[in-house]
Amino acid sequence: MAADDASRVPAWVEPMLAKADGGRLRSGPEWAYEYKLDGYRASMQIAPDGTTMLTSRNNIDFTAEFADLAGVLAPALDGRAAYLDGEVVVYGEDGRIDFEGMQERRGRYVRHQNGPKGLAFKDVPVRFLAFDLLRLGDRSLLATPYDERRRLLADLPMPDPYRVSVVRAVTFAELAADRRTPEDFLAHAASAGYEGVVAKLRSSAYLPGQRPDSWLKHPLIRTQEVIVCGWRPGQRSFTGTLGGLLLGAHDPATGDLVYIGDVGTGFSQATRADLQAQLQAIERRTHPFATTPPREDTVRARWVEPRLVGEIVYRQFTRAGRVRHTAWRGLRHDKDPAEVLAPRAGPHEPAAAAPPPAEPVGRRITVQAGNRRLTLSNLDKVLYPADGFTKGEVINYYSRVAAALLPHLAGRPVTFIRYPNGVEGQKWFEKNVPNGAPDWLRTVRLAGTGGTIDYPLLDDLPGLVWAANMAALELHVPQWTVESGERRPPDRLVFDLDPGPGTTIVDCCRVAERLHEVLVADGLTPYAKTSGSKGMQLYCGIRTDDPAAPSAYAKRLAQRLARETPESVTAVMAKAQRTGRVFIDWSQNNPAKTTVAPYSLRGRDHPTASTPVTWDEVRACRHVTHLTFTAEEVLDRIDDQGDLLAGLAETRAPLP
């Protein structure tokens, strides 16, 4: 074997993904079951000489970040190549997988990656948990049935199981032989702190990049609105602060306020102090429930008027009517306590075992949004199956981000991309206001290529909530506004930086830095945001009377950068020209085109959003994850930094 061949790691394979099982854990002898892990999906690619590469699910090189895992399996392979699919995880002090610990470790790595090479985090060790084997020696196993792939994986010796080991898998038949069921396995996953269970068809091949019915995930984590009915003072390190909350909700059958459990984790120090101050102001002498809670649950309790609504994450709701494995998510000022209903335990669910089925998706509720009352439906419908992110959470996000988002929508006709069956279902663009829109919704009628179009105008919170209730995940707007039913000249210039095959947002950042220099030299003030998908956009506030001028100017700059560095930049839309290059799409300045709005969600696997970023963040970006932000992260950024695009209107300058 040539030396080059000996050190050549197997080529990356786009990972196969699991589909949500719709709340029904599959059962039968054709299925096997694995724990669903809460870590970073990664492949471990090993060359014959032991050279090892770790790669993320998005083809990002993880090797340096998880250097302790490289070479661990080489002694067991006897000079054979191998390709393992799995997850990199961190364990907490309780022996459970700790995703927050992984996130903290990642933050430290990002901050120190320009420091000494091979910087190890000995205090936060990582472990690679393999659940599939795609290659062994010269043999590709992609077409091999799951059972055989797992057998070969299980036969591999694990020289250091503290660093690399195999995820436990069990077949339906093995469970039955122990007088157990898949539901028992699920209950064990819940009690052990796993994220859920994945059912895999034993005869299935490995299908790269696909999300077929042969891998079905059953997550355990759910969210629930709750009424804060009491609190406990903290103890030990939390003495003098809030220790936990006692929770209530209305019985769906009787309407009575009932005790449903407590929550003591998920609070920041600032949150504990803020909640304690609010609760002390509304204290009462007795509990507010229809029936007295168990004494053991209410030791040291201090009761409050049931006015505040919050949201928790939980894994189980027992027959006894208690939420278990809870964590606090935050207050819900947009919710009325009268609307908060307790979840339901499934008819066959043992106490403290598997989670209940979702509420019926057809359930409707009426809410107050600004000065309007809206009827919302299907709030429990999962729109992002990979995260279990529901339509209710989408509406919650848009409600909370409204203050920052609405100024960027004001006066701009909105084009929706709707995902009524979630991001894995069919989507469609919608420009015309759909039938059944409320009569109070502002619209504007404009001429289009195929006739007139009645566009929606989202100027206020009710309009935004209405759109979110239609599963309009993506909001796209032009670079001009309307006034008195007429188009105004463009007030924004946009450059859409789209990474071609072989490039990422990291490459876009390098192009953005060059554009920044040119734009500043031309007297403009550029702002940057991520697209929420793969690329990013740059904006400048401009003044011009010519609708065609922004496209002409942007095209000149794009062509200039393409001439200067043709190996890394293209100004041509043709796909054949984009491999290994960043495409500067200047055409989105055309008055007929739109760009995804700041803070809009995207219809991708995860609920990421188009996020304004600082120029310091652009310059520091060296990894895709540096500029990937989920809905919750966007809300945190706004709390910390405000709207980073707020200056667009104030910095408008004449277009050169």
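Residues numbered from 1 in each chain as written. Predicted model: local features only at pLDDT ≥ 70, side-chain atom pairs only at ≥ 80, totals over all residues. Heavy atoms only, no water.

**Q** Explain the overall build of the chain to me, please; I cannot follow it from the model alone.
**A** In terms of helices and strands, the chain carries 13 helices and 38 strands. In terms of principal-axis extent, the alpha carbons of the chain reach across some 80 × 75 × 50 Å. Across the 656 residues of the chain, 52% fall into the buried class. Restricting to contacts in the chain with at least 6 residues of sequence separation, those with at least 24 account for 68%. With the model as given, the accessible surface of the chain reaches about 29,300 Å², and the carbon-plus-sulfur share is 49%. (Helix = DSSP H or I, 4+ residues; strand = E, 2+ residues; numbered from the N terminus. Buried < 20%, exposed > 50% of the residue type's maximum accessible area, 1.4 Å probe, protein only. Contact = heavy atoms within 4.5 Å. Areas by Shrake-Rupley, 256 points an atom, 1.4 Å probe, with all protein chains shown as cover.)

**Q** Can you walk me through the sheet that holds strand 24 (residues 415-418) in this structure?
**A** Within a sheet, each strand pairs with its neighbour through backbone hydrogen bonds, oriented either parallel or antiparallel. The antiparallel open sheet is built from four strands, whose spatial order is 25-24-28-36. Both edges of this open sheet fall to strand 25 (428-430) and strand 36 (595-596), since each of them pairs with a single strand only. Inspection of the sheet shows strand 24 paired to strand 28 (residues 472-477) by four bridges, in the antiparallel sense. The residue bridging Phe416 from the neighbouring strand is Leu475, located in strand 28. (Pairing = 2+ DSSP bridges.)

**Q** Help me out: how do you make sense of the sheet that holds strand 9 (residues 169-171) in this one?
**A** Here five strands make up an open sheet; going across it, the order is 1-11-10-2-9 and the pairing mixed. Here the strands that pair on one side only, and so sit at the sheet edges, are strand 1 (19-20) and strand 9. In the packing of helix 4 (residues 146-155) onto the sheet, contacts are made with strand 2 (31-36), strand 9, strand 10 (196-201) and strand 11 (215-219), and the angle to strand 2 comes to roughly 55 degrees. Against the sheet, helix 6 (residues 182-191) contacts strand 2, strand 9, strand 10 and strand 11, and its axis sits at roughly 10 degrees relative to strand 2. (Axes fitted to C-alpha atoms, helices over the stretch in contact; angles between N-to-C directions.)

**Q** I keep staring at the side chain of Glu65 and nothing clicks. Help me out?
**A** When you line up the elements, Glu65 lands in the loop between strand 4 (52-56) and helix 2 (74-77). Take Glu65: its relative accessible area is 3%, and that puts it in the buried class. Glu65 has contacts with Arg105, Arg106 and Tyr109, leaving out every residue within four places of it along the chain.

**Q** Would you mind going over the packing of helix 10 (residues 505-521) against helix 11 (residues 549-564) with me for this structure?
**A** Packed helix pairs are characterised by how far apart their axes lie and by the angle those axes make with each other. The N-to-C vectors of helix 10 and helix 11 enclose an angle of 125 degrees; their axes lie 11 Å apart at closest approach. The angle between the axes of helix 10 and helix 11 places the two elements in the oblique class. Here the hand of the crossing between helix 10 and helix 11 comes out right-handed. For the pair helix 10 and helix 11, contact is made by Val511, Arg514, Leu515, Val518 and Leu519 and by Tyr553, Leu557, Arg560, Leu561 and Glu564, respectively. A breakdown of the residues in the contact of helix 10 with helix 11 according to their chemical character gives seven nonpolar, no polar and three charged. (Parallel < 35°, antiparallel > 145°, perpendicular 65-115°, else oblique. Left-handed = near helix turned anticlockwise from the far one by under 90°. Nonpolar A, V, L, I, M, F, W, Y, C, P; charged D, E, K, R; others polar.)

**Q** Could you clarify how one ought to interpret the pairing of strand 14 (residues 257-263) in this entry?
**A** On a regular strand, one side chain projects to one face of the sheet and the next to the other, so that they alternate. Of all seven residues in strand 14, five are buried; the element is thus mostly enclosed. Two elements, strand 13 (residues 242-250) and strand 14, share six bridges in a ladder whose sense is antiparallel. Within the sheet, the bridge partner assigned to Ala249 lies in strand 14 and is Val258. In textbook terms, the turn of a hairpin is the stretch between consecutive antiparallel strands, and for strand 13 and strand 14 this stretch comprises six residues, one of which, Gly255, has a positive phi near 85 degrees.

**Q** What's the story with the packing of aromatic side chains in this structure? I'm lost.
**A** Aromatic ring pairs are reported here in terms of the distance separating the ring centres and the angle at which the planes meet. Counted under the stated rule, the structure contains twelve aromatic pairs. Note on Tyr40 and Phe62: the rings are 6.0 Å apart at their centroids and 25 degrees apart in plane angle, and the pair reads as stacked. Taken together, the positions of Tyr40 in strand 3 (residues 40-46) and Phe62 in the loop between strand 4 and helix 2 put the pair 22 residues apart, joining distant regions of the chain. This pair shows no difference in class: Tyr40 is buried, exactly as Phe62 is. (Phe/Tyr/Trp six-rings, centres within 6.5 Å; stacked < 30°, edge-to-face > 60°.)

**Q** Where do I start with the confidence of the model for the chain in this structure?
**A** Close inspection of predicted coordinates is inappropriate for parts of the model with low pLDDT. For the chain, per-residue confidence averages 87 on the pLDDT scale, and 91% of positions sit at 70 or higher. Ignoring residues within four places in sequence, the model shows residues 346-362, a span with pLDDT below 50, making 39 contacts including any to other chains. (pLDDT = per-residue confidence, 0-100.)

**Q** Even after reading the chapter, I still don't get unusual backbone geometry, so can you show me in this structure?
**A** Leaving glycine aside, a negative phi is the common case for residues, and trans is the common case for peptide bonds. Here the phi dihedral of Arg300 falls at roughly 65 degrees; this positive angle occurs in a residue that is not glycine. In this structure, Arg300 sits in the loop between helix 7 (269-280) and strand 15 (302-303). Exposure remark for Arg300: the relative accessible area of 38% places this residue in the partly exposed category. Even without glycine at this site, Tyr599 takes up a positive phi of about 75 degrees. If you trace the backbone, Tyr599 turns up in the loop between strand 36 and strand 37 (612-613). A relative accessible area of 2% places Tyr599 in the buried class.

**Q** How do you make sense of the pattern of salt bridges when you look at a structure like this?
**A** Two side chains that carry opposite charge are able to pair once their charged atoms sit near each other. Going through the model one piece at a time under the given rule, you end up with 30 salt bridges. Here Glu305 and Arg284 are joined by a salt bridge, their closest N and O atoms 3.4 Å apart. With Glu305 in the loop between strand 15 and strand 16 (309-314) and Arg284 in the loop between helix 7 and strand 15, this residue pair connects regions lying 21 residues apart in the sequence. Close ionic contact of Arg400 with Glu632 constitutes a salt bridge, the shortest N to O distance being 3.5 Å. Highlighted residues: Arg400 in helix 8 (residues 391-409) and Glu632 in helix 13 (residues 631-641), separated in sequence by 232 residues. Looking at Arg400, the relative accessible area reads 41%, which means it is partly exposed. Several salt bridges converge on common partners, so that one network encompasses Arg57, Arg211, Glu424 and Asp605. (Salt bridge = Lys/Arg side-chain N within 4 Å of Asp/Glu carboxyl O.)

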